[in-house]
Amino acid sequence: MGSLSASYFERAQEVIPGGVNSPVRAFKSVGGSPLFIQSAKGAYLKDVDGKEYIDLIGSWGPMLFGQAHPSIENAVREALSNGFSFGAPSYNEVLIAEKIVSMIPSIEKVRLVNSGTEATMAAIRLARAYTNRDKIIKFEGCYHGHGDSFLIAAGSGVATLGTPDSPGVTVSTAKDTLTAIYNDLASLELLFKANPNSISAVILEPVVGNMGLVIPEPGFIEGIQQLCQTHGSLLIFDEVMTGFRLSSSGYQGLTQIQPDLTTLGKIIGGGLPVGAYGGKAEIMNMIAPAGPVYQAGTLSGNPLATTAGLAMLNLITNHPEVYQALNQKGEFLAEGIRQQLKDLQIDGFVNQIGSMFTLFFTNIAVKNFSDAKTSDTAKFGVYFREMLNQGVYLPPSQFESWFLSAALDQSHLDHILKASRIALEKTLGA
Ligand SMILES: *Cc1c(COP(=O)(O)O)cnc(C)c1O
């Protein structure tokens, strides 16, 4: 039986590379054909064939309060009647910047862009300009968008150069990106020693969502900050995913560690395309037109996007209790699934913090990218497809975080656990 999704996907493949506008949506790593979504509300996605799914992807993070929250929807409707884009300043840009500065203590000044990718690209350009150094260090398995400087695979040893991780990225770009191992301070220290006075910045997801969820060990982030200070390099937290998700001030809010620069995205747009980067005023003042570092955007600070973002940030400040509630939901699911793994004697490992969550099909604790890669992705594919069958929409890859929303109530959580039990049983026969 042909579904509408399948027929749309066939047409899409004729005119869009791989049929999608962002690769992971194509279901390549889990098998099957992607669903086309018709609409979304609260805890649910509805596909074009009329089937409903509990949404555990939340647009890859933005939907902290569930889909189409009325306060955001109403704010955007109202803004729409005043026009969509001016190419000139609008008051909401001031309001959202003031809001971000008030919510995230390390940010004194902030620049809005249209995506997380733009935010990280601009942040490293700024770090290079500020330090007058070329190289950056990132961590294997962290994702910072699709900018050339980040699509670099680690070399085989500290002394060997990285290599382009995508055709089209030049070897000369690759030589300026060094790669350390997450949760391994020694690997970072070696890179600093091997490249004296040449590291402009260390960029990382302080809690990683993009190799599946991986949590920093005690002292790891503090150690990175120490090394940055010793070597005169900037510390950049890429909080595109964790910003406003782990707390109202992101990962920073959990630890009081203040990076020099922070990149934001996802939640900050409430579902519309927004990114941002910000930090110490002294550094941010180097950005044009205040300073010489060029960065611009025709639709940056777009009135609809800033309205959605501002409505989202207001929701967060009006509902500070949301994080504790989300954490309880996260712990409930994590404990439930850990128990299922035990009962069924399946090799699996669950990482969870707040509303971020990953079930890895491996028998080791996952602390870095090589650990994550020990996962049985074929098993994850079986699990994913059965969850979908049971009406639960997970991110279609082993190496992603599930995103819980405040729209999930106990009946949704019970449904997810019931579905998970069935899906885990399926992996036994696979
Ligand atoms: C999603 C993400 C990005 C890229 O953001 P886009 O809006 O997709 O360009 C960058 N960094 C992190 C940590 C992300 O999760």
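Reading the values: rules and limits
Residues numbered from 1 in each chain as written. Predicted model: local features only at pLDDT ≥ 70, side-chain atom pairs only at ≥ 80, totals over all residues. Heavy atoms only, no water. UniProt positions renumbered as here; feature names shortened; annotations may be inferred. Near = heavy atom within 4 Å. Polar contact = N/O pair within 3.5 Å; in protein donor to acceptor, adjacent residues only side chain to side chain. Areas by Shrake-Rupley, 256 points an atom, 1.4 Å probe, with all protein chains shown as cover. Nonpolar A, V, L, I, M, F, W, Y, C, P; charged D, E, K, R; others polar. Buried < 20%, exposed > 50% of the residue type's maximum accessible area, 1.4 Å probe, protein only. Helix = DSSP H or I, 4+ residues; strand = E, 2+ residues; numbered from the N terminus. Pairing = 2+ DSSP bridges. Right-handed = clockwise from strand over helix to strand, strands pointing away. Salt bridge = Lys/Arg side-chain N within 4 Å of Asp/Glu carboxyl O. Expected span 1.5 Å × (residues − 1). Contact = heavy atoms within 4.5 Å. Phe/Tyr/Trp six-rings, centres within 6.5 Å; stacked < 30°, edge-to-face > 60°. Arc of directions from axis to C-beta.

An unreviewed UniProt entry annotates the protein chain as Glutamate-1-semialdehyde 2,1-aminomutase of Aquirufa beregesia. The Subcellular location (unreviewed entry) comment attached to the protein chain in UniProt states, word for word, "Cytoplasm". In UniProt, the protein chain has this text filed under Pathway (unreviewed entry): "Porphyrin-containing compound metabolism; protoporphyrin-IX biosynthesis; 5-aminolevulinate from L-glutamyl-tRNA(Glu): step 2/2."

### Remarks on the site of the ligand
Near the ligand the following residues occur: Ser 115, Gly 116, Thr 117, Tyr 143, His 144, Gly 145, Glu 205, Asn 210, Asp 238, Val 240, Met 241 and Lys 266. At 2.6 Å from an oxygen atom of the ligand is found a side-chain nitrogen or oxygen belonging to Lys 266. Isolated, the ligand exposes 370 Å² of accessible area, and the fraction of that covered by the protein chains is 83%. Grouping the constituent residues of the shell around the ligand by class yields three nonpolar, six polar and three charged.

### Remarks on the pairing of strand 10 (residues 234–238)
Every other side chain in a regular strand lies on the same face of the sheet, so the side chains alternate between the two faces. With five of five residues buried, strand 10 is to be regarded as a mostly interior element. Where strand 9 (residues 199–204) meets strand 10, four bridges bridge the pair, whose relative direction is parallel. In the strand pairing of strand 10, Ile 203 is matched with Ile 236. In this fold, strand 9 hands off to helix 7 (residues 220–231), which returns the chain to strand 10; that crossover is right-handed. Note that strand 10 and strand 11 (residues 261–264) share three bridges and pair parallel. By the bridge assignment, Phe 237 is partnered in strand 11 with Thr 262. In the classification by handedness, the crossover that spans strand 10, the intervening helix 8 (residues 250–255) and the parallel strand 11 is right-handed.

### Comments concerning the pattern of salt bridges
Inspection of the entire model under this criterion finds 12 salt bridges. In this structure, the salt-bridge partner of Glu 73 is Lys 41, at a minimum N-O distance of 3.7 Å. Of this pair, Glu 73 sits in helix 2 (residues 70–80) while Lys 41 sits in strand 1 (residues 37–41); the two residues are 32 residues apart in sequence, bridging distant segments of the chain. With a relative accessible area of 27%, Glu 73 lands in the partly exposed category.

### Focus: the pairing of strand 1
Direction of pairing for strand 1 relative to strand 2 (residues 44–47): antiparallel, over a ladder of four bridges. Each bridged residue has a counterpart across the sheet, and for Ser 39 the counterpart in strand 2 is Lys 46. Here strand 1 hands over to strand 2 after two residues, with Gly 42 in that stretch at a positive phi of 60 degrees.

### Here's the deal with helix 14 (residues 410–429)
Residues separated by three or four positions in an α-helix point in the same direction, a consequence of the helix having 3.6 residues per turn. Taking 1.5 Å of rise per residue, the 20 residues of helix 14 would be expected to cover 28 Å, and the 30 Å separating its terminal C-alpha atoms lies within 8% of that figure. Within the sequence span of helix 14, burial applies to His 412, Leu 413, Ile 416, Leu 417, Ala 419, Ser 420, Ala 423, Leu 424 and Thr 427. For helix 14, the secondary structure elements touched by its buried residues are strand 2, strand 3 (52–55), helix 11 (322–344), strand 14 (356–360), helix 13 (377–389) and strand 15 (392–393).

### Thoughts on the packing of aromatic side chains
In total, this model carries 14 aromatic pairs according to the counting rule given. Each ring, one from Phe 139 and one from Tyr 182, has its centre 6.1 Å from the other, and the planes form 85 degrees; the classification is edge-to-face. On the criterion of sequence distance, the pair formed by Phe 139 in strand 5 (residues 135–139) and Tyr 182 in the loop between strand 8 (177–180) and helix 6 (185–194) is long-range, its members being 43 residues apart. Looking at Tyr 182, the relative accessible area reads 1%, which means it is buried. Ring centres 6.4 Å apart and planes at 65 degrees place the aromatic pair Phe 361 and Phe 380 in the edge-to-face group. Linking Phe 361 in the loop between strand 14 and helix 12 (369–372) with Phe 380 in helix 13, this pair joins segments that are 19 residues apart in sequence. Judged by relative accessible area, which is 2%, Phe 380 ranks as buried. Joined through ring pairs, the aromatic side chains of Phe 27, Tyr 53, Phe 357, Phe 361, Phe 380, Tyr 383, Phe 384, Tyr 393 and Trp 402 make up one cluster.

### What about helix 6?
Looking only at helix 6, the buried set comprises Ser 187, Leu 188, Leu 191 and Phe 192. Down the axis of helix 6, the buried set is contained in an arc of 140 degrees. They therefore lie on one face. On its buried face, helix 6 is in contact with strand 5, strand 8, strand 9 and helix 7. In this structure Asp 184 caps helix 6, since a side-chain oxygen of it lies 3.2 Å from the backbone nitrogen of Ala 186.

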